[in-house]
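Letter by letter, the chains look like this.
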Amino acid sequence: MASLTPDQLNFFRKNGYLIIPDALPPQTVTTLLAETHRLLDSLSLTDHPMTRFRTGGSTGEDHVGDDYFLSSGDKIRFFFEEDAFDASGNLLKPKHLAVNKIGHYLHGLSEPFAALLQHDADIKARPADVARALGYNDPVCLQSMVICKQPEIGGAVPPHQDSCFLYTDPPSAVGFWYALEDATLENGCLSFLPGSHKWAAIEKRLVRKAGDEGTEMIDNEGARFPRGDGGCGGEKKDGEEEYVAGEVKAGSLVLIHGNLLHKSERNTSQKGRIIYTFHIIEGEERYDGRNWLQPPKEGFTRLFGESCGKQGDLI
């Protein structure tokens, strides 16, 4: 399959995101949805800590950080919507309508999701080809998630930048976001602030607290823009403050620059919005031990070859 066209590359570099319709064939979408439902059916509530996924709250500081979350980098785990519970902590919905997301090692432990990273995957814009087109030397996939955005209770995600949560020095994250169901204004599609990757610095980063006692946002003392990313670090221009909705059909791929400001609204509809997303970083950049997500023993998954476990010495 072809990689990115010159026009697609130019659009991504200018705007910080790119929508590729029909990136996944219908049969692949069906297979991934079936795998999602199989995983949801397999969830046992008997010994689950009922961890709720929090996205920062009104201050942007309130993020999930228990051990179940912090040790999920090499596992498949389930995190609930905040509004899936009553005041006493009891689930208000069946489990398959209460889970916010499944993560963070689907690309390593689930065969259907892992298949998307294969060099012979029957999809448009194979991840390795996209990474090569974007200039990566050693791209590695470090996390993957299914996000369900449940009907009526799917929580809003405030404006954020992915490199705040998956920090390398300098920043290098890019998100691959696949719609497995149609994403609309009603069920909480993504919205982007076009061009914000050029002026919105990575000023904060999510790290583990001392002793792995949760997570916290701290000031970023490292680089705030990607290496050699032409135009990044510039000044915001007048008129660059209006978000653009990204309504997409099932099978679409959205590429998201790690510095781009993007968000999604609450799902107030009767229809879910299941998506699959994973992130890559440049394996040659420093990834330190303070990041909330740490590599599995075999290292992060290389798109061009073997796993990568390289960590820098940034403290």
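Scroll up to find the structure.
Throughout this document, residue positions are counted from 1 along each chain, in the order its sequence is written. pLDDT decides what is reported in this predicted model: residues at 70 or higher carry local features, side-chain atom pairs at 80 or more are listed and counted, and totals for whole chains, interfaces and linings draw on all residues regardless. To obtain the side-chain values, all non-hydrogen atoms of the structure were included, while hydrogens and water were left out.

**Re unusual backbone geometry**
Peptide bonds are mostly trans, and most non-glycine residues show a negative phi.
Okay, step 1: Note the cis peptide between G103 and H104, where omega equals 10°.
Okay, step 2: Here the bond from D169 into P170 is cis, since omega is 0°, no more than 30 degrees from zero.
Okay, step 3: Its identity is not glycine, yet M50 carries a phi of approximately 60°, on the positive side.
Okay, step 4: Going along the chain from the N terminus, every DSSP run of H or I of four or more residues is numbered as a helix, and every run of E of two or more is numbered as a strand. Within the secondary structure, M50 sits in the loop between α2 (26-42) and β2 (55-56).
Okay, step 5: The phi dihedral of K149 is positive, around 45°, even though this residue is not glycine.
Okay, step 6: With respect to the secondary-structure elements, K149 resides in the loop between β6 (139-147) and β7 (157-160).
Okay, step 7: We classify K149 as buried; its relative accessible area is 3%. A 1.4 Å probe rolled over the protein chains alone gives each residue an accessible area, and that area as a share of the maximum for its type sets the label: buried under 20%, exposed over 50%, partly exposed in between.

**Concerning the nonpolar core**
Okay, step 1: Among the nonpolar cores identified, the biggest contains 66 residues, and F176, Y178, L255, Y276 and I280 are the most heavily contacted of them.
Okay, step 2: When residues in this core are grouped by element, the largest group, five residues, is from α2.
Okay, step 3: Any two residues having at least one pair of non-hydrogen atoms within 4.5 Å are treated as being in contact. In this structure, I280 is in contact with A131, Y136, P139, V140, C141, L142, S172, A173, V174, F176 and L303, ignoring residues within four places of it in sequence. To qualify as a nonpolar core, a set must consist of buried Ala, Val, Leu, Ile, Met, Phe, Trp, Tyr and Cys residues joined through side-chain atoms within 4.5 Å.

**Topic: the packing of aromatic side chains**
Okay, step 1: Put simply, two rings from Phe, Tyr or Trp (the six-membered ring, in Trp's case) pair if the centres are within 6.5 Å, and we call them stacked under 30 degrees between planes, edge-to-face over 60, tilted for the rest. Per the counting criterion, the structure on display carries eleven aromatic pairs.
Okay, step 2: Pairing Y276 with F278 gives two aromatic rings, centres 6.0 Å apart and planes at 50°, and the pair type is tilted.
Okay, step 3: Taking the centre distance of 5.2 Å and the plane angle of 90° together, the rings of Y287 and F300 count as edge-to-face. With Y287 in the loop between β15 (275-282) and β16 (301-302) and F300 in the loop between β15 and β16, the pair connects residues that are 13 residues apart, well separated along the chain. Considered together, Y287 and F300 belong to a single accessibility category, that of buried residues.
Okay, step 4: Taken together, the aromatic side chains of F113, F176, Y178, Y276 and F278 make up a single cluster linked through ring pairs.
Okay, step 5: Above the plane of the ring of F85 lies R52, whose end atom (NZ or CZ) is 4.0 Å from the centre. In this scheme, Lys NZ or Arg CZ marks a charge over a ring once it lies within 6 Å of the ring centre and within 35 degrees of the ring normal.

**Quick word on the pairing of β15**
Okay, step 1: Of all eight residues in β15, eight are buried, a share of seventy percent or more.
Okay, step 2: Taking every second residue as pointing to the same face, both faces of β15 are buried, with I275, T277, H279 and I281 on one and Y276, F278, I280 and E282 on the other.
Okay, step 3: Strands were regarded as paired on the criterion that DSSP finds at least two bridges between them. One ladder, built from eight bridges, connects β6 with β15; its direction is antiparallel. Directly across from Q143, in β15, lies its bridge partner H279.
Okay, step 4: As judged from the six bridges shared by strand β8 (residues 174-179) and β15, these two strands associate in the antiparallel manner. Bridge assignment links G175 to a residue of β15, and that residue is H279.

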